[in-house]
Amino acid sequence: MATRKAEINGKRPFRLKEYTFSCEDVPRLSCTDPEVDRLISNEQPVVITDTNLVSSALHWDLDYLGKNMGDGMFTVYSSHTNKFKYFDDKKGNNVKNFREPMRHLDMTFQDFAKRLCNKKPEDESLYMQQTLNDSVGRRIVVDFLGFNWNWITEQQKKHNWGQLTANLLLVGTEENITPSHYDEQQNFFAQIKGKKRFILFPPSQFGCLYPYPIYHPHDRQSQVDFDDPDFEKFPEFKKAAALEAVVGPGDVLYLPTYWWHQVECVQGTGLNISVTFWYKCGPTDKIEYPLKPQQKVAMMRNIEKMINQALNDPKEVPEFMQNMVLGRYT
Ligand SMILES: CC[C@@H](CC(=O)C(=O)O)C(=O)O
Ligand SMILES: [Zn+2]
């Protein structure tokens, strides 16, 4: 796999995998820059610096978390490859012979840390993805309360977002990859340790990324394997053009709802720790035309859900959908 050299602000170069599509940089601006508000209001991604959002956690490492995360059981995914493709196990029965691409394990942080430290190259890759809750130790609570809640709550209010739904703690190792997908929430993604690369596509490129059907366990995930794209099956992927952001400790990426993203723990940057701040989208006060691409994606999802409910059998959906459009809307 070809790689290219990259760096953030001219510091400590690292290597990024090259793909078949072009990558333009996401703007990287200080939180004091008024352009940040404009980009967030227009639901455009931006890397925001100097927020101090997670400054109270920049000292987190495996040893500190091992000592202070408490003795609760946390969600860890284990994968034979370095890819951690999300799946909804409640939809597993909708697809014949569905094979879960990773195993969901529950373990204490101490056990997770030990497995990471003793991991041999042939061992499965591990990725902790745990919602921060009140089971964590007191020092983690103090660090959590020390997040810059003033700044982020001001953003939530200014952009009329809904409630904070989750802070997901992500602890992984370099080369862990979360393949391309979109989420239905607004997200301030805070990087604490190591570097992460985001490959982003706007909701307007839905037609290039071929998501699985809505009843599939991989709903919201792209069917395209970026490492080996099948241009026969997914010809529009040739037109995909990405934005790219590399975030390091203290950086915050605003990741707008319905934007596609693939997330890669950057090689050579060691242990990787992040925390997400997911918010419900705000209400749409007035429908304006033309509709925004993300509104059209939401509409498509609602129509798919309605058809699935009405047919009441996932096996009938493909023929129904094809009969509806094939040869008719060209
Ligand atoms: C959930 C895992 C992923 C982040 C992401 O997809 C998001 O924050 O929406 C990552 O960091 O590997
Ligand atoms: Zn995501």
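What counts as what
Residues numbered from 1 in each chain as written. Chains lettered and ligands numbered in written order. Predicted model: local features only at pLDDT ≥ 70, side-chain atom pairs only at ≥ 80, totals over all residues. Heavy atoms only, no water. Helix = DSSP H or I, 4+ residues; strand = E, 2+ residues; numbered from the N terminus. Buried < 20%, exposed > 50% of the residue type's maximum accessible area, 1.4 Å probe, protein only. Expected span 1.5 Å × (residues − 1). Contact = heavy atoms within 4.5 Å. Phe/Tyr/Trp six-rings, centres within 6.5 Å; stacked < 30°, edge-to-face > 60°. Pairing = 2+ DSSP bridges. Axes fitted to C-alpha atoms, helices over the stretch in contact; angles between N-to-C directions. Domains from an automatic or database assignment. Buried area = accessible area lost by both parts, 1.4 Å probe. Salt bridge = Lys/Arg side-chain N within 4 Å of Asp/Glu carboxyl O. Nonpolar A, V, L, I, M, F, W, Y, C, P; charged D, E, K, R; others polar. Polar contact = N/O pair within 3.5 Å; in protein donor to acceptor, adjacent residues only side chain to side chain.

### Remarks on unusual backbone geometry
Here's step 1: Between Tyr-289 and the following residue, Pro-290, the backbone shows a cis peptide bond with an omega angle of 0 degrees.
Here's step 2: Its location among the elements puts Pro-290 in the loop between strand S17 (272-279) and helix H7 (293-311).
Here's step 3: For Arg-220, which is not glycine, the phi dihedral falls at a positive 80 degrees.
Here's step 4: Of note, Arg-220 is situated in the loop between helix H6 (206-209) and strand S14 (242-247).
Here's step 5: The phi torsion at Asn-312 lies on the positive side, around 60 degrees, for a residue other than glycine.
Here's step 6: Its place among the elements puts Asn-312 in the loop between H7 and helix H8 (317-325).
Here's step 7: Note on Asn-312: relative accessible area 66%, which makes it exposed.

### Some thoughts on H7
Here's step 1: Taking 1.5 Å as the rise per residue, H7 with 19 residues should run 27 Å; its terminal C-alpha atoms sit 27 Å apart, in good agreement.
Here's step 2: Of all the residues in H7, the buried ones are Gln-294, Gln-295, Val-297, Arg-301, Glu-304, Ile-307 and Asn-308.
Here's step 3: On its buried face, H7 sits against H6 and H8.
Here's step 4: Downstream of H7 by one or two residues, Asn-312 has phi in the positive range, about 60 degrees.

### A closer look at the packing of aromatic side chains
Two measures describe an aromatic ring pair: the distance that separates the ring centres and the angle between the ring planes.
Here's step 1: Applying the stated rule across the entire model yields 27 aromatic pairs.
Here's step 2: Each ring, one from Phe-21 and one from Phe-201, has its centre 5.2 Å from the other, and the planes form 80 degrees; the classification is edge-to-face. Within this pair, whereas Phe-21 is found in the loop between strand S2 (11-17) and strand S3 (23-25), its partner Phe-201 is found in strand S13 (residues 196-201), the two being separated by 180 residues in sequence. Pair check on accessibility: Phe-21 and Phe-201 agree, each one buried.

### Section: the sheet that holds S13
Here's step 1: The strand order across the open sheet built from 5 strands is S3-S14-S13-S16-S11, with neighbouring strands paired in mixed fashion. The open sheet is flanked by S3 and strand S11 (177-181), the only strands paired with a single partner. With direction set aside, neighbouring strand axes in the sheet form an average angle of 25 degrees.
Here's step 2: Of the pairings in the sheet, the one linking S3 to S14 comprises 3 bridges and is parallel in character. Considered in S14, the bridge of Cys-23 is made with Ala-242.

### Overview of the domain arrangement of the chain
Here's step 1: Each domain of the chain was delimited in the assignment, giving domain 1 (3-279) and domain 2 (293-325).
Here's step 2: On a C-alpha basis, the centres of domain 1 and domain 2 stand 28 Å from each other.
Here's step 3: Counting from both sides, the interface comprises 13 residues of domain 1 and, opposite them, 12 residues of domain 2.
Here's step 4: Carbon and sulfur atoms supply 64% of the area buried between domain 1 and domain 2, which totals about 1200 Å² over both sides.
Here's step 5: It is Ile-214, Tyr-215 and Tyr-258 that lose the most area in domain 1 upon contact with domain 2, and together they represent 48% of the buried surface on that side.
Here's step 6: At the junction of domain 1 and domain 2, the tally comes to 2 salt bridges.
Here's step 7: Note that Asp-219 and Arg-301 form a salt bridge whose closest N and O atoms lie 2.7 Å from each other.
Here's step 8: Considered class by class, the residues forming the side of domain 1 that touches domain 2 number 7 nonpolar, 2 polar and 4 charged.

### Section: the side chain of Gln-262
Here's step 1: Within the secondary structure, Gln-262 sits in strand S16 (residues 260-265).
Here's step 2: Polar contacts involving the side chain of Gln-262 include one to the side chain of Glu-264, which spans 3.0 Å.
Here's step 3: Non-local contacts of Gln-262, meaning those with residues more than four positions away in its chain, are made with Tyr-19, Ile-177, Thr-178, Pro-179, Ser-180, Arg-197, Phe-198, Ile-199 and Phe-226.

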